[in-house]
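Fold and contact review
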Amino acid sequence: MKTIIQYAKLTGLMVLLGAANTALAIDWPPVLNSDVNQQPPKWDWQLKSPVQLNSDSSIEIYDIDMFDNENNGVVGTLKGYGKKVICYVNVGAWEDWRDDEQDFPRSIMGNVYDRFPNEKWLDIRDVNPSKSNTGMALATILEARFDRALQMGCDAVEPDNMDGYDETSNNPSGFALTYEDQMYFNLWVSREVRERGMLVGFKNNTNQALEQRSVDAFDFVVTESCVLFDECQYFAGFLNANKPVFLTEYNLEPNQFCQAAKDLRISAIKKRNVLDNYRLNCDNYYDGYSEPEPNPTANNVLVNGGFEANLIGWQSCGIQSNLAISGNSIEGNNALAFVGQSGCIYQEVQVTPGDEYVLSCDATRPGTPWSILQFAYLDAQYNALDSQAQQIASGGSYATYTMTGTAPANTAYALVLLYSEDQMLVDNCVLAAPSEPTSEPEPEPEPEPEPNPTVTNLLNNGGFEANLLGWQACGNPDTLAISNTANEGTKALEVVGGAGCLYQELPVTVDVQYTLACDATRQGTPWSIIQLSYLDSQYNNLLTEIMQIESSGNYATYTVTGTAPATTTYAVALIYSEDRTLVDNCILSSN
């Protein structure tokens, strides 16, 4: 495939509570309170784009990817809300998708980073003038990255992969790195970042964390799974110096790590491995905790419906370059502008079954092609329960377009989607929740199911009886295997480790509805899904439907359905899992 398939989907209600026009007072550098009952600085870690503003306005710090957010205004928007921004920069490994990847001499690129086939370890000795064979090319590249971070307004840098020397924690780098080689490099990184006026974080590297040189040189810690692996004690030097330790746990629930984190004064959250906007916190473990009050002045459950914060809160479902921000607004300073063909943007928010919601947007467009406002209700598996659309009329002035609908039984989310095949301006989108909760209606009796007709499977080898023939790996192929624990036939796909990913891509027909069904079972709690996506001829993602595979000992059938949008050329059926999963009998059929 020519693009990365996005397998994480916005699933949380993101209402900004009390943050507009008011900057929070954040200590910077952040300092820990000596009282374990006082909550440490609160943070969120989103390396997946687009960054989503969390509904919890008391989160003080966002850690985001530098490259992905360099030119989209996200840093300025977050800082406008009073947040501090840490920018992720990979300093110890080469990544083949970065815009400066050609600048790296191949002589300093080592082994593939285990579990990340698009990354390679770097010879970090190249920043040391006494050991460099390239004229310190790596130093020049990283200095340029730190300059970019400063220019885009980052308050701090999270440098990643600063422990390549440690083969007890990582696969061999391919270079004879020593403990002191790593220490030299880490201190060099710290010095370069601090000289630019930014704070610098210490990432993982437990075997050098207790060194006083490390504690003195870094302002905070970003670490992963230290409760799970019983490694949090290695950051005692930072904690004793009242420097925050920001922890993410992936495979534990908050009730399994929050108390341990609180006892050590660690700021801990639970995230998915994809590091999207999903976040669980430890707030209720601290004194003075109360549920945040809803904003009494806001009845709009959409985030940034007036586009005053540019595209924050919205997800692109078409060609990103066809979306822009215009000053030609009907209210405020900004409006959404569709500037080319197949512009598509949406938000998905949690709603209550039985409640009536009203969607309204102001819009104008000059041309005649298809341009719509769509309002749909989805269940927890993202199946559409009800959908309505309104065509935007061609004209020179803004007009208000409104749709009203009651959320059916089993509704989990409302989807608001804007789509245009020509120029269009949209402003002041409001999804109004009811002023008072209403009772949930009695569910209608379900009709007797029709007998299933015989279907033609568009997938090749969907039952894996020919092993992996016809399928392409999109993660670490070593995590994929064939198992005899099949639900049908004699074989099934087995994902045996982290980040196992497999897909098929095939041509489909516009406006035809397709259904992807797989039988699956998995162990554990990490993210595991089946996904159906539609792509145009340039492999831009037009629509994606996802279903989470539940943790269970028995096979169950998981189904996603979607209609191929205009300009669709291909469908992609994708299986992804971050723990042990069995998948069998995958069928893609047209309805």
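Our structure is the block above this text.
A brief report on the enclosed structure follows. Predicted, not measured: the structure shown is a model, and the values here were computed from it.

A few words now on the overall build of the chain. When helices and strands are counted, the chain shows seven helices and 31 strands. Evaluated residue by residue, the chain yields a buried proportion of 54% over its 591 residues. Of all intrachain contacts in the chain linking residues separated by at least 6 positions in sequence, the fraction that spans at least 24 positions is 70%. Total accessible area on the chain stands at roughly 24,900 Å², and carbon and sulfur atoms take up 47% of it.

Note: most peptide bonds trans; most residues except glycine with negative phi. Looking along the chain, the bond that leaves Trp28 and enters Pro29 is cis, with omega of 5°. Position of Pro29 relative to the elements: it lies in the segment before strand S1 (43-46). In this structure, the amide linkage connecting Ser49 to the following residue, Pro50, adopts the cis form with an omega of 0°. Structurally, Pro50 is set in the loop between S1 and strand S2 (61-65). A positive phi angle, close to 60°, is found at Ser225, a residue other than glycine. You can see Ser225 is positioned in the loop between strand S9 (220-224) and helix H6 (236-240).

Counting 65 residues, the largest nonpolar core has Val91, Phe104, Leu138, Phe146, Phe185, Val189 and Ile266 as the members making the most contacts within it. When residues of this core are assigned to their parent elements, the largest contribution, six residues, is made by helix H2 (residues 137-151). Ile266 has contacts with Pro40, Cys226, Cys232, Leu239, Val245, Leu247, Ala261 and Tyr286, leaving out every residue within four places of it along the chain. Listed in part, the 29 residues of the second largest apolar core include Phe338, Leu359, Leu373 and Phe375.

What follows concerns the packing of H2 against helix H3 (residues 179-195). Running from N to C, H2 and H3 cross one another at 35°; their axes reach a closest spacing of 10 Å. Of the two elements, H2 crosses H3, and the hand of that crossing is right-handed. Residues Leu138, Ala139, Leu142, Glu143 and Phe146 of H2 pack against Phe185, Trp188, Val189, Glu192 and Val193 of H3. Partitioning the contact of H2 with H3 into residue classes produces eight nonpolar, no polar and two charged.

Okay, the pairing of strand S30 (residues 570-577) next. By the criterion of burial, S30 is predominantly enclosed, with seven of the eight residues buried. The pairing of strand S25 (residues 500-507) with S30 spans eight bridges and is classified as antiparallel. Counted as the bridge partner of Leu506 is Ala571 from S30. Relative to S30, strand S27 (residues 528-535) is paired through eight bridges, and the arrangement is antiparallel. The partner of Leu535 across the bridge, within S30, is Tyr570.

Thresholds, definitions, all that
- Residues numbered from 1 in each chain as written.
- Predicted model: local features only at pLDDT ≥ 70, side-chain atom pairs only at ≥ 80, totals over all residues.
- Heavy atoms only, no water.
- Helix = DSSP H or I, 4+ residues; strand = E, 2+ residues; numbered from the N terminus.
- Buried < 20%, exposed > 50% of the residue type's maximum accessible area, 1.4 Å probe, protein only.
- Contact = heavy atoms within 4.5 Å.
- Areas by Shrake-Rupley, 256 points an atom, 1.4 Å probe, with all protein chains shown as cover.
- Core = buried A, V, L, I, M, F, W, Y, C linked by side-chain atoms within 4.5 Å.
- Axes fitted to C-alpha atoms, helices over the stretch in contact; angles between N-to-C directions.
- Left-handed = near helix turned anticlockwise from the far one by under 90°.
- Nonpolar A, V, L, I, M, F, W, Y, C, P; charged D, E, K, R; others polar.
- Pairing = 2+ DSSP bridges.

Distances and angles like these do not, on their own, reveal function.
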